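Chain and residue survey
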Amino acid sequence: MEFLNSFHTFAKNFDPPLYFSIIQREEIEQKAMEYNFKKIEQKWQEYWKTNKTFQVQADSERPKFYVLDMFPYPSGAGLHVGHPLGYIASDIFTRYKRQNGFNVLHPMGYDAFGLPAEQYAIQTGQHPAVTTDRNIKRYREQLDKIGFAYDWSREVRTCDPGYYHWTQWTFIKMFNSFYNKKTRKAEGIDLLVNHFEISGTQNLEAACTEEMDFSASDWKGYSEKEQQLLLLNYRLAYLAETMVNWCSALGTVLANDEVKEGLSVRGGYPVEQRQMKQWLLRVSAYSERLLDGLNTIEWTESLTEIQKNWIGRSEGANMLFPVKDHDFTIEVFTTRADTIFGASFMVLAPESELVDTLTTPEQRNAVDEYIEQTKKRTERERLAEVKRISGVFSGNYAINPFTREEIPIWISDYVLAGYGTGAIMAVPAHDSRDFAFAKHFGLKIVQVVVQPGDSESDPAGWDDSFDAKEGIMVNSDFLNGLSVSDAIEKTKQEVEKRDLGQIKVNYRLRDAIFSRQRYWGEPFPVYFKDGVPYVMDEDQLPLELPDVDKYLPTEKGEPPLGRANNWSTRDGYPIELSTMPGFAGSSAYYLRYMDPWNKKALVSKEANSYWRDVDLYIGGTEHATGHLIYSRFWNKFLYDLGYVCKDEPFRKLINQGMIQGRSSFVYRIKDTNTYVSKGIKKQHKTTAIHIDINLVNNDILDIDAFKKSNPEYNNAEFLLEDDKYICGWALEKMSKSMFNVVNPDDIIETYGTDTLRLYEMFLGPLEQSKPWDTHGIDGVFKFLRKLWRLFHQNNEEFSISSADPTLAELKVVHKTIKKVSDDIERFSFNTSVSAFMICVNELTDLKCNNKTILESLLVLLSPFAPHIAEELWQALGQTESIADAQWPSLNEDYLKEDQIEYPVSFNGKMRFKIELPADMPKEDIEKAVMAHETAKKWLDGKAPKKIIVVPKRIINVVI
RNA sequence: GCCCAGGUGGCGGAAUUGGUAGACGCGCUGGACUUAAAAUCCAGUGGCCAUUAGGCCGUGCCGGUUCGAGCCCGGCCCCGGGUACCA
């Protein structure tokens with residue numbers, strides 16, 4: 001080698017052709033024995049592609065398994081190392097299940113409609129389809145390099161007419177359905193019409209926007225238009241005038257899960273409440289089933305908790321309060337019926353329809369002014385001013401149905417129109433919001449609950465309300481002396497008995513606003529006749545997205561589709577101008593993967609009854625309140641109509657954690673061009689500046705590279721410590737603006753994708769957030785080379801022994817079979833990687849090159865590092881892909897130990913170890929321990945009080 | 001505020017049912033090979049005390065249960081996520 005190297009230099013200077021022939025030969029000689037990941041990975045990716053290794057078909061002979069990744073939105077920025085984390089995990093599980101005899105469906109596609117592509121189109125004029133296509137191509141290239149076992153023949157794109165055909169089809173089905181509360185499922189709207197024709201709304205239990213009351217003859221007397229408008233009150237997809245989240249920066253309405261803290265999730269623009277006519281999906285009809293379904297699926301505790309909170313079930317009562325000198329009542333919802341005797345005023349939401357009727361002439365001006373004020377405030381301001389108390393007296397009084405007392409009716413925006421009935425009975429003594437309101441406006445406060453053992457006090461002297469969840473009732477007539485929970489029950493009974501209201505379960509979950517005033521989404525298969533919406537016939541689908549000249553609203557303020565030519569039916573009726581939101585296309589994509597080529601149905605009965613549901617779903621927790629609610633709703637709807645066979649779509653769900661970026665900083669001394677190393681920065685006033693992580697190695701700044709990176713740094717001066725510039729660092733979101741993005745392509749270029757895959761898994765538990773630090777990657781890269789050397793003794797040619805494996809070798813590999821199988825089953829991939837390292841270290845120590853042993857090891861490793869596994873598998877003489885190999889079976893006999901090295905503790909502290917036969921009886925173990933030299937020292941002449949022997953585990957001597 | 005998850009060496013993390021705390025890897029230190037470097041290999045690496053032998057302390061903090069607690073119970077602190085006038 002030394003000769004070659006010096007010859008190198010020599011040849012380079014004199015004879016180019018000679019130089020090249022030498023270097024080529026050198027490479028061949030070296031690479032024959034070295035781990036050449038580039039060649040290997042390319043080779044096997046091509047092999048899988050040409051042999052269609054991962055294409056699957058329904059096969060009733062084999063059990064199915066469906067592994068799904070949440071499909072990505074293909075953004076322009078491409079993938080960073082955080083994106084593939086979940087994909088790698090699901091890929092490992094896919095390959096593992098396959099090797100255990102399952103027919104595994106593992107598809108991938110793109111959530112391709114969405115705002116960013118459209119925003120980009122507005123800026124550049126390019127059609128979003130073009131940029132989306134380009135982004136998808138880039139994504140695909142990046143994904144392909146990682147060597148996933150996807151069946152790409154099943155790819156779906158939500159923006160493809162062949163795909164959104166079925167999104168539109170489902171919408172039509174929803175439009176033509178209502179929710180029957182008696183049967184607890186969706187049914188055809190014709191059944192509802194039937195019911196109206198026979199008995200009007202009598203005995204009707206249907207989910208609706210507003211309770212209605214009419215007779216059969218009323219119904220028959222209505223015009224076609226009146227009937228159609230009335231049916232919207234019951235349809236599962238319906239058009240209604242409601243309060244919506246309007247985002248003027250995006251020019252569209254947003255669903256509740258698309259708004260966070262008064263700002264749009266995409267872009268962070270302000271959002272305000274507005275009354276608008278919009279399409280909605282009656283998700284709320286399914287509240288109960290969405291909640292109950294959570295008990296039947298294996299999701300993480302935290303995720304089911306988020307969904308439970310979002311659905312927000314609360315048990316209580318709707319109670320009626322008569323209004324003084326009027327013949328109507330105000331209905332309130334309360335979970336604390338027991339505190340009724342403390343209800344000393346009522347509050348209406350400013351949007352409540354009752355406000356107008358209940359305002360007295362004297363109060364009219366004040367009320368109008370207040371309503372105007374609250375309208376002006378955006379959602380954001382309302383949230384920011386939660387503590388600011390505001391409200392106005394309506395001038396009217398209600399009668400407390402239990403105390404018969406007159407109580408004033410107020411109007412305030414701390415009561416929400418959208419929850420319960422939009423009106424409350426205020427119990428200031430026991431509700432902090434009511435308390436603050438009463439204090440502010442000087443309203444009456446009555447204590448009705450005392451803490452057990454406490455006595456009543458004057459609420460006027462209180463600083464805070466007593467929000468009592470338990471306690472004893474006082475000042476409450478027939479409830480006095482009861483506990484809170486007993487009193488709640490008793491009051492509910494009393495309310496029903498006296499006909500003052502009814503027991504009611506309320507849900508926080510709202511119907512989903514389903515239209516967007518945007519271009520890049522699915523058009524609604526809806527047209528308008530005389531202002532009434534009708535859905536198109538199914539044979540007209542797909543209704544393709546038309547071209548427009550600009551991706552902006554029209555001058556009239558209509559959505560972009562208002563610019564399309566001839567956007568009307570053949571009969572000339574105008575077509576809906578909104579498009580569907582992002583969650584429309586992602587709500588049933590898992591079904592489409594089962595049968596993506598089907599032109600006649602979303603999914604065929606056969607395909608659906610074989611693949612059934614997703615067995616393992618991996619994706620981010622950010623979809624907890626959006627996609628994961630909508631798709632469960634969507635699926636339940638299709639289930640009700642008999643199109644799918646499973647009520648819940650995702651049996652097991654895992655959230656992969658975020659991979660955080662590790663940003664680097666330099667510290668500039670204020671108003672200078674001098675940078676001070678981290679350890680000595682305290683002596684100066686400094687500003688931390690983000691710098692590109694490629695300029696830093698082990699927190700040491702590459703000063704030359706830093707100077708060259710930006711003209712601004714050209715003349716920079718440095719204050720060093722130990723002749724080095726040490727950078728600061730912080731964990732932040734991986735993003736361009738933090739200069740901390742790590743691209744998987746670069747990692748693959750340097751180390752190969754098997755190393756990338758292993759390292760992503762090795763970083764830590766799948767579900768945890770963890771920082772990316774490329775430095776640690778050497779460890780797994782070294783591991784793969786060490787594995788390679790097991791097959792290539794002394795850096796020589798490939799050499800393998802076919803002899804019978806030794807017991808020691810068998811023990812090592814079976815220990816690994818057990819560990820890795822267990823780990824994969826519980827998604828503990830980081831510990832599997834460490835088990836592989838231990839295995840290879842031990843086999844290296846045993847100088848093992850045994851074929852049987854190494855074959856098993858390769859199969860175990862192949863889900864994690866498939867390329868190197870295939871290469872070595874082939875080298876061992878195998879002709880089939882390792883993806884089709886049988887997962888090795890565990891033989892526990894090899895793991896049995898004859899000798900146990902017992903740790904011996906004294907009072908719980910480990911003092912020494914003693915080697916004893918595994919089957920030694922307890923009494924003999926005690927004797928053996930007592931006889932031990934070191935034991936005598938710790939006993940110090942005393943007799944032990946007790947000796948605890950846990951067979952095969954530990955011995956503890958109590959003194 | 002409420003709900004959920006978490007806090008272990010310089011760093012990422014391990015400890016699956018209450019049973020040897022710190023597996024595995026990074027980093028660091030020393031050594032072998034080499035003219036040298038890279039690669040590779042060997043040894044060490046929680047803190048403190050001690051020449052050694054060895055000892056003491058140690059899983060956010062305080063207390064408890066237990067022969068034995070990183071793990072269970074009670075209280076508190078901190079970080080992350082969800083939600084936010086939900087009656």
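An account of the accompanying structure is given in this report.

Analysis parameters
- Residues numbered from 1 in each chain as written.
- Chains lettered and ligands numbered in written order.
- Predicted model: local features only at pLDDT ≥ 70, side-chain atom pairs only at ≥ 80, totals over all residues.
- Heavy atoms only, no water.
- Core = buried A, V, L, I, M, F, W, Y, C linked by side-chain atoms within 4.5 Å.
- Buried < 20%, exposed > 50% of the residue type's maximum accessible area, 1.4 Å probe, protein only.
- Helix = DSSP H or I, 4+ residues; strand = E, 2+ residues; numbered from the N terminus.
- Contact = heavy atoms within 4.5 Å.
- Pairing = 2+ DSSP bridges.
- Axes fitted to C-alpha atoms, helices over the stretch in contact; angles between N-to-C directions.
- Phe/Tyr/Trp six-rings, centres within 6.5 Å; stacked < 30°, edge-to-face > 60°.
- Lys NZ or Arg CZ within 6 Å of the ring centre and 35° of its normal.
- Expected span 1.5 Å × (residues − 1).
- Near = heavy atom within 4 Å.
- Polar contact = N/O pair within 3.5 Å; in protein donor to acceptor, adjacent residues only side chain to side chain.
- Nonpolar A, V, L, I, M, F, W, Y, C, P; charged D, E, K, R; others polar.
- Right-handed = clockwise from strand over helix to strand, strands pointing away.
- Salt bridge = Lys/Arg side-chain N within 4 Å of Asp/Glu carboxyl O.
- Arc of directions from axis to C-beta.

The next point concerns the nonpolar core. The biggest cluster of nonpolar side chains holds 186 residues, and the ones touching the most others in it are L281, F514, Y589, L787 and F864. The element best represented in this core is helix α25 (residues 777-791), accounting for nine residues. L787 has contacts with V840, L857, L861, I868 and L872, leaving out every residue within four places of it along the chain. In this structure, V323, L348, A468 and V495 belong to the second largest nonpolar core, which totals 36 residues.

Read from one edge to the other, the open sheet built from three strands follows the order β11-β10-β18, with strand pairing classed as antiparallel. Because the sheet does not close on itself, it has two edges, and the strands there are β11 (329-334) and β18 (501-506). The sheet shows a mean angle of 30° between the axes of neighbouring strands, direction not considered. As paired strands, strand β10 (residues 314-322) and β18 are joined by six bridges and run antiparallel to one another. Considered in β18, the bridge of M319 is made with G501. Sheet strands touched by helix α17 (residues 484-497): β10 and β18. Its angle to β18, the strand with the most contacts, is close to 125°.

Turning to the packing of aromatic side chains, a few remarks are in order. Considering all chains together, one arrives at 70 aromatic pairs under this definition. Summarising the aromatic geometry, the rings of Y35 and F781 are spaced 6.4 Å apart at their centres and angled 45° between planes, so their arrangement reads as tilted. Taken together, the residues span a long stretch of sequence, with Y35 in the loop between α2 (16-33) and α3 (37-50) and F781 in helix α25 at a distance of 746 residues. Residue classification places F781 among the buried positions, given a relative accessible area of 11%. Connected via pairs of aromatic rings, a cluster forms that spans F65, F93, Y96, F102, F827, F829, F836, F864 and W887. Directly above the aromatic system of Y238 lies the positively charged group of R282, at a separation of 3.9 Å from the ring centroid.

A word on helix α7 (residues 161-175). Here α7 spans 20 Å end to end across 15 residues, near enough to the 21 Å set by a 1.5 Å rise per residue. Of all 15 residues in α7, 13 are buried; the element is thus mostly enclosed.

Turning our eyes to something else, we now look at the protein's contact with RNA strand B. Around RNA strand B sit 57 residues in total, of which T335, R433, L763, K819 and N956 are the nearest. Here RNA strand B approaches the protein such that, of its atoms within 4 Å, sugar and phosphate make up 62%. Contact between RNA strand B and T334: a sugar or linking oxygen at 3.1 Å from a side-chain N or O atom of the residue. The contact in question runs from a phosphate oxygen of RNA strand B to an N or O atom on the side chain of R789, over 3.0 Å. Broken down by element, the surface near RNA strand B gets its largest block of residues, six residues, from helix α27 (residues 829-845). The residue makeup of the surface near RNA strand B, split by class, is 23 nonpolar, 16 polar and 18 charged.

Our next topic: the sheet that holds strand β22 (residues 616-619). Within the open sheet, the four strands sit side by side as β2-β1-β22-β23. Their pairing is parallel. A strand with exactly one partner marks an edge of an open sheet, and here the two such strands are β2 (103-105) and β23 (653-655). Put simply, the sheet's adjacent strands are angled 20° from each other on average, direction ignored.

Looking now at the side chain of T674. Note on placement: T674 falls in strand β25 (residues 674-676). When near neighbours in sequence (up to four residues on either side) are disregarded, T674 contacts Y667, R668, I669, E717 and L719.

Most of the time, phi is negative for any residue but glycine, and the peptide bond is trans. Following L541, the chain continues to P542 via a peptide bond in cis, the omega torsion being -5°. Position of P542 among the secondary structure elements: in the loop between β21 (532-535) and α18 (582-586). Backbone geometry at D671 places phi at a positive 60°, although glycine is not the residue there. Judged by relative accessible area, which is 81%, D671 ranks as exposed.

To continue, consider the pairing of strand β1 (residues 64-69). With six of six residues buried, β1 is to be regarded as a mostly interior element. As paired elements, β1 and β2 share three bridges and run parallel to each other. Its bridge partner lying in β2, K64 is registered against N103. For the segment spanning β1, helix α4 (residues 84-99) and β2, crossover handedness is right-handed. Looking at chain direction, β1 and β22 are connected through three bridges and run parallel.

Close approach of charged atoms allows side chains of opposite charge to pair. Tallying each qualifying case throughout the model produces 52 salt bridges. The residue R62 makes a salt bridge to D59 at a minimum N-O spacing of 3.2 Å. Overall, the relative accessible area of 38% leaves R62 in the partly exposed class. D823 is paired through a salt bridge with R826; the nearest N and O atoms lie 3.0 Å apart. The exposure class of D823 is buried, given its relative accessible area of 1%. Through salt bridges with shared partners, one network takes in K64, E298, D613, D615, K646, R651 and K652.

Here we come to helix α14 (residues 364-376). With 13 residues, α14 extends 19 Å from end C-alpha to end C-alpha; this agrees with the ideal 18 Å at 1.5 Å per step. For α14, every residue scored as buried is listed here: V367, Y370, I371 and T374. Buried residues in α14, looked at end-on, bunch into an arc of 100°, giving them a common side. Along α14, the residues that are exposed and aim more than 90 degrees away from the buried face are N365, E369 and K376. Of the surrounding secondary structure, the elements contacted by the buried residues of α14 are α13 (354-358), β13 (392-399) and β14 (406-411).

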